[in-house]
Structures are given as C-alpha cells and as structure tokens.
Amino acid sequence: MIGWLGSAYLWVKAFHVIFVIFWMAGLFLFPRYLIHHQEALGTPEAAAWAKREALLKRMILTPSMVIVWVLGLALSANIGLFDGQAGIGWLHAKLLLVVLLSGYHGWAIGYGKKLARGEAPIATRTLRFLNEVPALALVFIVILAEVKPF
C-alpha cells in the first residue's frame, strides 16, 4: 500500500502493531489489578494496588493507546478512510471496536479511581467477567484487520 505514507507505510504499520501489543498487555493486566485491589479493600494492601495501577496506567496503558490511535489513524488515512474509499467496511467496524475498547480503557481507569476512594460498586464476580472484554475485542479486531470480510 503506497498512499501518502509511501515507503514508511510498513514501518508505521509495524510500530502500530507493536504498540497494540503493549496496549493489550496493559488491558489484560489492569483489570486483574482491579480485582486484586477490590479484594484488598479495607487492608493496607489496597494502597499498594492503587500505586501499581497508577504506574501501569502512566507507563504503559495510556501512552500505548495514544500511539495506537495516532499510528492507526495515519494508516487509515493512507488507505483512504477520509477520502470515501470503497471496500473498507471492515475498517469502519474495526474502528468502532477500537472506540469501544478505548471506552473500556477509560472505564477501567475510572473504576480504579473509585477503588482508590474505597468504593466497590461492582461485584468481584462481575469484575472477573469484565476482565475478558479486551480478549474478545482483540479477537474480532484481528479478524477484521486480517480477513477484511467486508
């Protein structure tokens, strides 16, 4: 794919995939931290979990997500997302899932802040279920990006 990125396209794509891996690693780990944090509420260990969450968010989660979005939008523009290019319905669906995954990211960060205040509005069992959201999203995103079914 040439487009406006020219010979840099494959480099941009490679770094996009690298930072997707970092972001997903963080999204797989962060909800586990939330579960442990919630189970530790009322103990001195809760503060340690809040510190771990803040560090993960600051060092991996948020920077990776920002880089994924910047590089992903560059790749999308390169293949004609903003030019009305035909045949990229798969990309629209992928972007919708990435928007939803970004919303999940924001929800998880917000839930961590609630836990830091000592609030736990969601049952631990439900939190364990919500832990699987990034994995399901990743499956569909990869299928859309690689198979391009529509």
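Owing to the predicted nature of the structure, the values given are computational and were not obtained by experimental measurement. In this convention, every chain numbers its residues from 1, walking through the sequence in written order. A pLDDT threshold of at least 70 governs which residues receive local features in this predicted model, and a stricter bar of 80 or more applies before side-chain atom pairs are shown or counted, although totals over entire chains, interfaces and linings include all residues. Just so you know, side-chain values use all the structure's heavy atoms and leave hydrogens and water out.

A.B. asks: Just to check I follow, could you spell out the packing of aromatic side chains for this structure?
C.D. replies: The geometry of an aromatic ring pair comes down to the distance between the two centres and the angle between the two planes. Any two of the Phe, Tyr and Trp rings considered here, Trp counted by its six-membered ring, make a pair once their centres fall within 6.5 Å; the pair's planes then place it as stacked at under 30 degrees, edge-to-face at over 60, or tilted in between. Tallying each qualifying case throughout the model produces five aromatic pairs. Here Phe19 and Phe22 contribute two aromatic rings whose centre-to-centre distance is 5.3 Å and whose plane-to-plane angle is 90°, an arrangement assigned as edge-to-face. In this pair, Phe19 and Phe22 are both assigned in helix α1 (residues 9-39), three residues apart and thus about one turn of the helix distant. Among the residues examined, Phe22 registers a relative accessible area of 40% and is labelled partly exposed. Numbering of helices and strands starts at the N terminus; helices are DSSP runs of H or I of at least 4 residues and strands are runs of E of at least 2. The buried label goes to any residue with under 20% of its type's maximum accessible area, the exposed label to any with over 50%, and the partly exposed label to all in between, with areas taken from a 1.4 Å probe on protein chains only.

A.B. asks: Hey, could you run me through helix α3 (residues 89-116) in this one?
C.D. replies: Structural remark: α-helix, 3.6 residues per turn; residues separated by three or four positions point the same way. Helix length check: α3 (28 residues) gives 41 Å between terminal C-alpha atoms against 40 Å at 1.5 Å per residue, within 8%. Just downstream of α3, Gly118 is the residue with a positive phi angle, here 90°. Any helix carries an expected span of 1.5 Å times its number of residues minus one.

A.B. asks: Explain the side chain of His16 here, please?
C.D. replies: Among the secondary structure elements, His16 is positioned in helix α1. Under the rule applied, a polar contact is a pair of N or O atoms within 3.5 Å (in protein, one hydrogen donor and one hydrogen acceptor; residues adjacent in sequence only if both atoms are side-chain atoms). Only 3.3 Å separates the side chain of His16 from the backbone oxygen of Val68, close enough to count as a polar contact. Here His16 is in contact with Val68, Leu71, Gly72, Leu75 and Lys94, once residues within four sequence places are set aside. Residue contacts are defined here by distance: any two heavy atoms, one from each residue, within 4.5 Å place the two residues in contact.

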